[in-house]
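# A closer look at the structure
Here are the chains, one letter per residue:
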Amino acid sequence: MKRPTAIQVPRLSVPMALGWLCALSPFGVLFVVGTAWLHQQPGWRTTFGPFADHYRAMMLPVLNVGWSLSMMFAVFVAGPLWLLLVCRRRWRSSWNTHLMQLITCGAGWVLIWVLIIRSDLLSKLG
């Protein structure tokens, strides 16, 4: 009986990785906004004193750029790229995978709407 000498690991294809990147893009936006929210908490400022003020002043522009870039990708790039991946037969995965990506992306946008837009979190930051 011949035994395999190496474990065959299935490779992740580029279209599959791009599809999941598009599907998870709303969660990237949530991560950046959540990080900015954590940096604005008053407990951080009282505990660390002037160090926290300097850190906050330095990180606020970085978080603003991160927010802008992640939102631009999630709104203007992820949707058309995902549709392109679905429409091209060569790049298409199984329909179950695309349905799972669509559900994941929809859940992310619902969370953005509930946690950021309805709670008016962005006006409280900065």
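Above this text is the structure in question.
Residues numbered from 1 in each chain as written. Predicted model: local features only at pLDDT ≥ 70, side-chain atom pairs only at ≥ 80, totals over all residues. Heavy atoms only, no water.

## Overview of the overall build of the chain
Note the threshold: Only DSSP runs of H or I reaching four residues or more are called helices, and only runs of E reaching two or more are called strands; each is numbered from the N terminus. Each residue is assigned to one of three classes by its accessible area relative to the maximum for its type, calculated with a 1.4 Å probe on protein chains only: buried under 20%, partly exposed between the two thresholds, exposed over 50%. Whether two residues are in contact is decided by their heavy atoms, any of which lying within 4.5 Å being enough. Only the protein chains shown count as covering a residue, and every accessible area follows the Shrake-Rupley method with a 1.4 Å probe.
When its secondary structure is counted, the chain shows 6 helices and 0 strands. In the chain, which comprises 126 residues, the share counted as buried stands at 25%. Across the chain, every contact between residues at least 6 apart in sequence was considered, and the portion connecting residues at least 24 apart equals 76%. A total of about 9200 Å² of accessible surface is found on the chain, and carbon and sulfur atoms cover 71% of it.

## Some remarks on the packing of aromatic side chains
This is how the line gets drawn: Two rings belonging to Phe, Tyr or Trp (six-membered ring only in the last case) form a pair when the distance between their centres is within 6.5 Å. Interplanar angles under 30 degrees mark stacking, angles over 60 mark edge-to-face geometry, and anything in between is tilted. Geometrically, a charge over a ring is one whose NZ (Lys) or CZ (Arg) sits within 6 Å of the ring centre while staying within 35 degrees of the ring normal.
Enumeration according to the criterion identifies 0 aromatic pairs in this entry. The cationic tip of R88 hangs over the ring face of W91; the distance from NZ or CZ to the ring centre is 4.9 Å.

## Some points on the packing of helix α1 (residues 14-23) against helix α5 (residues 95-118)
Formally: Note on definitions: angles span 0 to 180 degrees between N-to-C directions of axes, and those axes are lines fitted to C-alpha atoms, for helices only across the stretch in contact. By definition in this entry, angles of less than 35 degrees are roughly parallel, angles greater than 145 are roughly antiparallel, angles of 65 to 115 are roughly perpendicular, and the rest are oblique. Three categories are distinguished: nonpolar for Ala, Val, Leu, Ile, Met, Phe, Trp, Tyr, Cys and Pro, charged for Asp, Glu, Lys and Arg, and polar for the others, with Gly belonging to the last.
Contact geometry of α1 with α5 gives a least axis separation of 8 Å together with a crossing angle of 25 degrees. One finds that α1 runs roughly parallel with respect to α5. Contacts from M16, G19, W20, C22 and A23 in α1 reach T97, M100, Q101, T104 and C105 in α5. Across the contact of α1 with α5, the residue classes tally to 6 nonpolar, 4 polar and no charged.

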